[in-house]
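Coordinate inspection notes
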Amino acid sequence: MCGICGVVQLRGEPRTVIAPDVLDRMTDAMTHRGPNDRGTYAADGIALGVRRLSIVDVEGGHQPFANEGESIWAVQNGELYNHREIRGRLAGRGHRFQTRCDTEIIPHLYEDAGTAFAEHLRGMFGIALWDRRERRAVLARDRLGIKPLYYAEVGDVLVFGSELKSVLASGLVGTELDYEAIDCFLTLGFVPGPMTPLAAVRKLLPGH
């Protein structure tokens, strides 16, 4: 398993959204999810972090991955079962790949399919993608919700992560409890989405 996190600016003039050391703290709060590698990407309006458990292309699969022009960046927690098929199709259309890692196909697939890129994927995943030219961020979760993805809107930014403690490590999100969610947990044994135990944080629903 891996872990992804980040901060996206939603409104206003593009700016630095989070200090580098805070992005590092968010990322490394998930070291147990990805002990083999770590990576970050930051630009005005966006910050992405990832901890990686190396499975597909152990040596070459360093994230985040970008397209050829480095205008689209992506991080992933999960595994894409049909990445070879998609890679072959995209290569036939002129896309160039440097590794065998499944995550590398994501920015290229977005170039090809736009915001519907996740509809082409088969697997278990939580994905964050940044399109610099359109200043667009896309978060996507697999259809069964195997891989978690949490988010919170705070002021003019959206904070997200594979774990609640990564979101909290941003220092931007409050720790007030959602007592309705806790009541659901005590009654059902789990917290139904989109609720979480924290009032300010929500879960991205499966297939969204």
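Quantities reported herein were computed from a predicted structural model and do not represent experimental measurements. (Residues numbered from 1 in each chain as written. Predicted model: local features only at pLDDT ≥ 70, side-chain atom pairs only at ≥ 80, totals over all residues. Heavy atoms only, no water.)

Things to note about the overall build of the chain
For the chain, the count of helices and strands is five helices and 10 strands. Relative to the compact-globule value of 17 Å for 208 residues, the chain shows a C-alpha radius of gyration of 17 Å, a close match. Structurally, the chain occupies a C-alpha span of about 55 × 40 × 30 Å along its principal axes. The buried share among the 208 residues of the chain stands at 50%. Sequence-distant contacts in the chain: of pairs separated by 6 or more residues, those separated by 24 or more amount to 55%. Working note: accessible area of the chain is about 9,600 Å², and carbon and sulfur atoms make up 52% of it. Here the chain contributes 24 positive and 27 negative side-chain charges, whose respective centroids are spaced 3 Å apart. (Helix = DSSP H or I, 4+ residues; strand = E, 2+ residues; numbered from the N terminus. Rg over C-alpha atoms; globule rule 2.2 N^0.38 Å. Buried < 20%, exposed > 50% of the residue type's maximum accessible area, 1.4 Å probe, protein only. Contact = heavy atoms within 4.5 Å. Areas by Shrake-Rupley, 256 points an atom, 1.4 Å probe, with all protein chains shown as cover. Lys, Arg positive; Asp, Glu negative; His and termini not counted. Charge placed at Lys NZ, Arg CZ, Asp CG, Glu CD.)

A few points about the sheet that holds strand β2 (residues 37–43)
To summarise the sheet geometry, strands pair through backbone hydrogen bonds and adopt either a parallel or an antiparallel arrangement. With antiparallel pairing, the six strands of this open sheet are ordered in space as β2-β3-β1-β9-β8-β10. Single-partner strands in this sheet number two, and they are β2 and β10 (202–203). Where strand β8 (residues 150–154) lies against β10, two bridges are found, and the strand directions are antiparallel. Following the sheet pairing, tyrosine 151 is matched in β10 by arginine 202. (Pairing = 2+ DSSP bridges.)

Things to note about unusual backbone geometry
A cis amide bond links glutamine 63 with the next residue in sequence, proline 64, at an omega value of 0°. Of note, the bond from glycine 193 into proline 194 is cis; its omega dihedral lies within 30 degrees of zero at 10°. Secondary-structure assignment places proline 194 in the loop between α5 (179–188) and β10. Even without glycine at this site, glutamate 70 takes up a positive phi of about 55°. As for its placement among the helices and strands, glutamate 70 is situated in the loop between β4 (65–66) and β5 (72–80). Notably, arginine 135 is not glycine yet its phi reads approximately 50°, a positive angle. You can see arginine 135 is positioned in the loop between β6 (123–131) and β7 (136–141). Under the relative-accessibility criterion, arginine 135 is labelled partly exposed at 38%.

A word on the pairing of strand β1 (residues 3–9)
Looking down a regular strand, the side chains alternate between one sheet face and the other. Across the seven residues that make up β1, a large majority, seven, are buried. Residues Gly3, Cys5, Val7 and Gln9 line one face of β1 and the alternating positions Ile4, Gly6 and Val8 line the opposite face, and both faces are buried. As judged from the six bridges shared by β1 and strand β3 (residues 46–52), these two strands associate in the antiparallel manner. Bridge pairing in β3 links glycine 3 to arginine 51.

Concerning the packing of aromatic side chains
This model, assessed by the stated rule, comprises two aromatic pairs. A ring pair is formed by tyrosine 110 and phenylalanine 117, whose centres lie 6.1 Å apart and whose planes are at 75°; its orientation type is edge-to-face. What makes tyrosine 110 buried here is its relative accessible area of 5%. Its guanidinium or amino end placed over the ring of phenylalanine 97, arginine 87 lies 5.0 Å from that ring's centre, counting from NZ or CZ. (Phe/Tyr/Trp six-rings, centres within 6.5 Å; stacked < 30°, edge-to-face > 60°. Lys NZ or Arg CZ within 6 Å of the ring centre and 35° of its normal.)

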